[in-house]
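Spelled out from the first residue to the last, the chains are:
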Amino acid sequence: MEQACSACDLTCPMGQVNADCDACMCQDFVLYGAVSLPGGAPASGATVYILTKTPKLLTQTDSSGRFRVPGLCPDGKSILKITKTKFAPISLTMPKTRLKAATIKAEFMRAETPYIVMNPKTKARRAGQSVSLCCKATGKPKPDKYFWYHNSTLLDPSLYKHESKLVLRNLQRDQAGEYFCKAQSDAGAAKSHVARLTVIAPDETPCNPTPESYLIQLPHDCFQNATNSFYYDVGHCPVKTCAGQQDNGIRCQDAVDNCCGISKTEEREIQCSGYTLPTKVATECSCQRCTETQSIVRGRVSASDNGEPMRFGHVYMGNRRVSMTGYKGTFTLHVPQDTERLVLTFVDRLQKFVNTTKVLPFNKKGSAVFHEIKMLRWKEPITLEAMETNIIPLGDMAGEDPVAELEIPSKSFYRQNGEPYTGKVKASVTFLDPRNISTATAAQSDLNFINDEGDIFPLRTYGMFSVDFTDEATSESLNVGKVKVHLDSTQVKMPEHLPMMKLWSLNPGTGLWEEEGDFKFESQRRNRREDRTFLVGNMEIRERRLFNLDVPESRRCFIKVRAYRSQRFLPSEQMQGVVVSVINLEPRTGFSSNPRAWGRFDSVITGPNGACLPAFCDDQSPDAYSAYVLASLAGEELEAVESSPKFNPNAIGVPQPYLNKLKYRRTDHEDPQVKKTAFQISMAKPRPNSAEESNGPIYAFENLQACEEVPPSAPHFRFYQIEGDRYDYNTVPFNEDDPMSWTEDYLAWWPKPMEFRACYIKVKIMGPLEVNVRSRNMGGTHRQTVGKLYGIRDVKSTRDRDQPNVSAACLEFKCSGMLYDQDRVDRTLVKVIPQGSCHRVSVNSMLHEYLVNHLPLPVNNDTSEYTMLAPLDPLGHNYGIYTVTDQDPRTAKEIALGRCFDGTSDGSSRVMKSHVGVALTFNCIERQVGRQSAFQYLQSIPAWPSPASSVRGRAPSRRQRASQGGQRWRRGVASLRVSGVAQQPLSN
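In this text the structure is predicted, and so the values were computed from the model without any measurement.

Caption draft 1: Focus on the overall build of the chain. From N to C terminus, the chain includes seven helices and 70 strands. Its C-alpha atoms give the chain a radius of gyration of 33 Å, near enough to 30 Å, the size a compact globule of 988 residues would have. The proportion of buried residues among the 988 residues of the chain is 54%. Long-range pairs, those at least 24 residues apart, make up 69% of the contacts in the chain with a sequence separation of at least 6. Just so you have it, the chain exposes about 43500 Å², and 48% of that area is on carbon and sulfur atoms. Distance from the positive charge centre (121 side chains) to the negative charge centre (110 side chains) of the chain: 2 Å.

See the structure below:
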């Protein structure tokens, strides 16, 4: 019979209403329960609630993880909630039964802070239109609340009725700005990335129609008197989201992505010495469909100690395998669309190396980024007795005490099913010691955690350790309870860090660190170092096997860094896709140039306006932290600006007196034999009331937007690429660092975005001198391009190390194939022209036969050069032709060059092998005495002024080195036929 309480209107289909009138009670029923931790160990001290109008406490589990609750009703409807710190709450429905007792079993899952897996997108709309911003988070438990913020102000949920999706209708101009969401659960909160919403008037132009200045470098014999330089302004349209045509659907992802881009160009002819050079200049920008791009991450995985590659290892993104390393440890990964934070775990199937989780920056606008992944070796295992107390030291630096010790009490090991383990334990504990500077690149993840407010916050490490405990007989993985970590307080040189020290474990799915426990001061230590104070922390080792001794560090700044193609440091020669890394150093007291330890490792990618690199800083003591900064492109290190013997603030990019305060030093400052590829500075936080420190290159953490948007004229630190003997010219300008700068045009060197095909021909030079070789590339068979110039390429031949009087050049030419409209192919008319007095000796017989069989065949009466209609087929080394297609232009060229140098279709070399894989051979006689070569001519002319008032151009350096696929070239050097030899005009 149903019992009712008129006071509270509660009806009980079973049993009677309790005295509080908030639940039903069945006096004769008893509920028994058993609750375990992940892995089967009993969950003692867990709290059991019944969910009524407010959760009502029932009981707690005992030391065996069991509980008993009398009086509940087995109605199959009531909900129980079981909670325990650090674990996701368990919700259970009461069993439905007519028996007098029932038993339920439950196992906790580790609580995981919410993690954003879908971020709102930056969008642009006209006033009156609608927009949808979406956010999604995972976690344990799953987030059940979402909050939206506009310009950091919380939006009222009752007005917008939002959850994970925010819909704004009939937009007004004042609704433009920055939006982000915050997801929340019982385990914490997480904030999304910021999305920018642009709202323009209905009749407003979505893009600035006037192109911005963009300078390209001209050949050496093309000096422009009008600008008094070797540069020409072709203009460009900055790529940004714009309010273009959209359908009426309100979606998280717009059906069409619209960007500002070039809509009109104008053909112009540049007057050079004896010839004209055609170019296309941007004259108008408009809103149009964005160029489709693909973000790619490539890299090499190797040991941090000796560079041994991790062969045939697996690469995971979450629980999904996404790539595999090759014999040389290399891997390639296509970054999935909508990825904001790329978290990869590298797993060595041979178990030589510790599984390593990395958060890798990538270029969201497309193109490839190369990363060197360093892994620690597993330490040699030792045998422990499970029934004895075991002490394991952490840190084995020569002449130094351990940073900490692990104390594992007796009877602490247990199997995966929760049963105690009493046998022998095979134990391997690998410690990453921050006192060893060389270990910084092997650091796991990016040393961040999510604080209670949902913000990502940095950590400063005092050491990481990976553990592996297995049954010596069966190799079954073992769990460990009640492990103590004793941290030697004398190893913490910053006293303010001691009370903030915590134990952390890594979540390999998110790449974020999550708190395991606090440290407390230990009053006694019964060992040989009784006079020392230790911090002791408690932890358990279950499903996670990587731990960290860290403190949160709020003293943060940003360093403005730019990378350039040369030492001219022109804004138009900035390089995108460069990996810039910083190692945060803690100096020894009184010796800022001799760091005691590193505390954090970060990397960012340069964009069109450089990069802002996060680093620890201090406003009270400029020497509290220092930063070691380095940069690389495609695995090759770039050079920093010198600090000795010349110390030039204008070259470094930072004015005095701030530069002296930062104590800029390149790595070779005291020893010229050291590499020149990094610099070190003291991280002196800028004073807010100091004019000379308010404009960079160091920015306070809250001034990130100012750092990102500052113009190239503002102070910044610089890296540059060593100039080699190369010059590229495209009639339709294209920045290979930025695939979104691609323009639809019949004369585009790369006719199809996301499919870049690089072609090279190998030219052998017989003669005592290295020779400059040019390819002139024109339309050959397509009605829209025939007789028109695609571009020119110049490269200087590289001497063969083994053969005297022999050199060879790997010369790029424009591949034949479909043009941008994909309507019909064009066989590029390629003319190969060596500089100086050269005579064609031979043509590869297989190449000649192919060209004869694929007519038309150009006339080759002039033996000082060679003309061909480029092959449509991807010929190989047997023809002396090297073709590679890739979604990134730099990568395609790098691979093709490596094969060309090696003379094979699948190898790679940085040393020129002139005796294999050759297409053309020329005999180049030595110049007569007194005759000047093109490169000598370049050295003898006066310095070339640059169009930028603050930077002076000059003749390129003669320095040359092998790099990437085979060689670095000097930019800006085109072939110049010496006197006595006919000039070769660029036009037909």
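Caption draft 2: Main features of the packing of aromatic side chains. What the rule picks out here adds up to 21 aromatic pairs. Where Phe-679 meets Phe-717, the ring centres are 5.0 Å apart and the plane angle is 35°; that geometry is what we call tilted. Here Phe-679, found in strand β55 (residues 678-682), pairs with Phe-717, found in strand β57 (residues 717-720); they are 38 residues apart in sequence, far enough to count as distant. Phe-717 carries the same exposure label as Phe-679, and that label is buried. An aromatic cluster of at least three residues, connected via ring pairs, comprises Tyr-664, Phe-679, Phe-717 and Phe-719. The lysine or arginine in question, Lys-364, covers the ring of Phe-362, its NZ or CZ lying 5.1 Å from the ring centre. Across the ring face of Phe-457, the terminal group of Arg-556 is positioned such that the distance to the ring centre comes to 4.5 Å.

Caption draft 3: Expanded view of helix α6 (residues 889-902). For α6, spanning 14 residues, the distance from its first C-alpha to its last is 20 Å, which sits close to the expected 20 Å at 1.5 Å a residue. Extensive coverage of α6 is indicated by the burial of eleven of its 14 residues. Backbone geometry just after α6 places Gly-903 at a positive phi near 75°.

Caption draft 4: Focus on the UniProt feature "domain: Ig-like" (unreviewed entry) in the chain. Mapped onto the present numbering, the UniProt feature "domain: Ig-like" (unreviewed entry) falls on residues 114-198. The straight-line gap between the two end C-alpha atoms of residues 114-198 is 29 Å; of that span, 5% is helix and 55% is strand.

Caption draft 5: Representation of the environment of Cys-617. Among the secondary structure elements, Cys-617 is positioned in the loop between β50 (611-616) and β51 (626-633). Exposure remark for Cys-617: the relative accessible area of 1% places this residue in the buried category. For the pair Cys-617 and Ser-554, spaced 63 residues apart in sequence, the C-alpha to C-alpha distance is 9.1 Å. Dropping the residues within four chain positions of it, Cys-617 is found in contact with Arg-555, Arg-556, Cys-557, Tyr-625, Met-683 and Lys-685.

Caption draft 6: The state of the cysteines, seen in detail. Applying the stated criterion to the full structure yields 14 disulfides. Note that Cys-557 is cross-linked by a disulfide to Cys-617, the S-S spacing being 2.1 Å. As the torsion about the S-S bond is roughly 70°, the Cys-557-Cys-617 disulfide counts as right-handed. Of this pair, Cys-557 sits in strand β47 (residues 556-564) while Cys-617 is found in the loop between β50 and β51, placing the two residues 60 residues apart along the sequence.

Caption draft 7: View of the sheet that holds strand β61 (residues 789-796). Taken together, five strands build an open sheet; the order of strands is β58-β61-β60-β66-β68 and the sheet is antiparallel. Edge strands, defined here as strands with exactly one partner in the open sheet, are β58 (726-730) and β68 (866-869). Taken pair by pair, the neighbouring strands of this sheet meet at an average axis angle of 10°, ignoring direction. Where β58 lies against β61, five bridges are found, and the strand directions are antiparallel. Paired with Tyr-727 across the strands is Asp-794, a residue of β61.

Caption draft 8: Expanded view of helix α5 (residues 845-853). When α5 is considered as a whole, its buried residues turn out to be Leu-847, Tyr-850 and Leu-851. Along the long axis of α5, the arc covered by the buried residues comes to 95°, so they all point the same way. α5 presents Ser-845, Glu-849 and Asn-853 as exposed residues on the side facing more than 90 degrees away from its buried surface. Where α5 is buried, its residues meet β68 and β69 (881-886). The N-cap of α5, judged by a side-chain oxygen 2.9 Å from the amide nitrogen of Met-846 a few residues on, is Asn-844.

Caption draft 9: Molecular detail of the confidence of the model for the chain. Predicted confidence across the chain gives a mean pLDDT of 85, with 91% of residues reaching 70 or more. Here residues 589-594 scores under 50 on pLDDT; set against residues more than four positions off or in separate chains, the count is eight contacts. Note on residues 928-988: pLDDT is under 50 here. Beyond four places in sequence and across chains, it has 187 contacts.

Caption draft 10: Molecular detail of the pairing of β50. The element β50 is largely enclosed, with a buried count of five among its six residues. As paired elements, β47 and β50 share six bridges and run antiparallel to each other. Its bridge partner being in β50, Arg-556 is matched across the sheet by Phe-616.

Caption draft 11: Inspection of the side chain of Thr-430 at higher detail. On the secondary structure map, Thr-430 appears in strand β39 (residues 424-432). Among the polar contacts listed, one links the side chain of Thr-430 to the backbone nitrogen of Lys-379, at a separation of 2.9 Å. Apart from residues lying up to four places away in sequence, Thr-430 is in contact with Val-354, Leu-376, Arg-377, Trp-378, Lys-379, Met-464, Phe-465 and Ser-466.

Caption draft 12: Geometry of unusual backbone geometry. Following Gln-656, the chain continues to Pro-657 via a peptide bond in cis, the omega torsion being 5°. Across the junction of Leu-855 and Pro-856, the peptide omega takes the value 0°, indicating a cis bond. Tracing the chain through its elements places Pro-856 in the loop between α5 and β68. Not every positive phi belongs to a glycine, and Asn-170 is a case in point at roughly 50°.

Caption draft 13: Region of the structure containing the pattern of salt bridges. In the structure shown here, the tally under the stated rule is 55 salt bridges. Between Lys-752 and Glu-755 there is a salt bridge, and its shortest N-O distance comes to 3.5 Å. Several salt bridges share partner residues, and in doing so they unite Arg-726, Asp-728, Glu-736, Arg-793, Glu-812 and Lys-893 into one network.

Caption draft 14: Spotlight on the nonpolar core. Core analysis: the largest hydrophobic core is formed by 74 residues, its most contacted members being Phe-469, Ile-559 and Phe-717. Beyond its immediate stretch of four places on either side in the chain, Ile-559 contacts Ala-611, Cys-612, Leu-613, Ala-615, Ala-627, Val-629, Ile-681, Met-683, Pro-697, Ile-698 and Phe-717. By size, the runner-up hydrophobic cluster in this structure holds 27 residues, among which are Leu-31, Cys-73, Ile-82 and Tyr-414.

Caption draft 15: How the structure looks around the environment of Ala-190. With respect to the secondary-structure elements, Ala-190 resides in strand β22 (residues 188-191). Along the primary structure Ala-190 and Thr-210 are separated by 20 residues, whereas in three dimensions their C-alpha atoms are 41 Å apart. Setting aside its immediate chain neighbours within four residues, Ala-190 contacts Pro-114, Tyr-115, Ile-116, Cys-181, Lys-182, Ala-183, Ile-450 and Gly-454.

Caption draft 16: Summary view of the side chain of Glu-573. You can see Glu-573 is positioned in the loop between β47 and β48 (579-588). Of the polar contacts made by the side chain of Glu-573, one reaches the side chain of Ser-566; its length is 2.8 Å. A polar side-chain atom of Glu-573 sits 3.4 Å from a polar atom in the side chain of Arg-568.

Here is what the cut-offs are and how they apply
- Residues numbered from 1 in each chain as written.
- Predicted model: local features only at pLDDT ≥ 70, side-chain atom pairs only at ≥ 80, totals over all residues.
- Heavy atoms only, no water.
- Helix = DSSP H or I, 4+ residues; strand = E, 2+ residues; numbered from the N terminus.
- Rg over C-alpha atoms; globule rule 2.2 N^0.38 Å.
- Buried < 20%, exposed > 50% of the residue type's maximum accessible area, 1.4 Å probe, protein only.
- Contact = heavy atoms within 4.5 Å.
- Areas by Shrake-Rupley, 256 points an atom, 1.4 Å probe, with all protein chains shown as cover.
- Lys, Arg positive; Asp, Glu negative; His and termini not counted.
- Charge placed at Lys NZ, Arg CZ, Asp CG, Glu CD.
- Phe/Tyr/Trp six-rings, centres within 6.5 Å; stacked < 30°, edge-to-face > 60°.
- Lys NZ or Arg CZ within 6 Å of the ring centre and 35° of its normal.
- Expected span 1.5 Å × (residues − 1).
- UniProt positions renumbered as here; feature names shortened; annotations may be inferred.
- Disulfide = S-S within 2.5 Å.
- Pairing = 2+ DSSP bridges.
- Axes fitted to C-alpha atoms, helices over the stretch in contact; angles between N-to-C directions.
- Arc of directions from axis to C-beta.
- Polar contact = N/O pair within 3.5 Å; in protein donor to acceptor, adjacent residues only side chain to side chain.
- pLDDT = per-residue confidence, 0-100.
- Salt bridge = Lys/Arg side-chain N within 4 Å of Asp/Glu carboxyl O.
- Core = buried A, V, L, I, M, F, W, Y, C linked by side-chain atoms within 4.5 Å.

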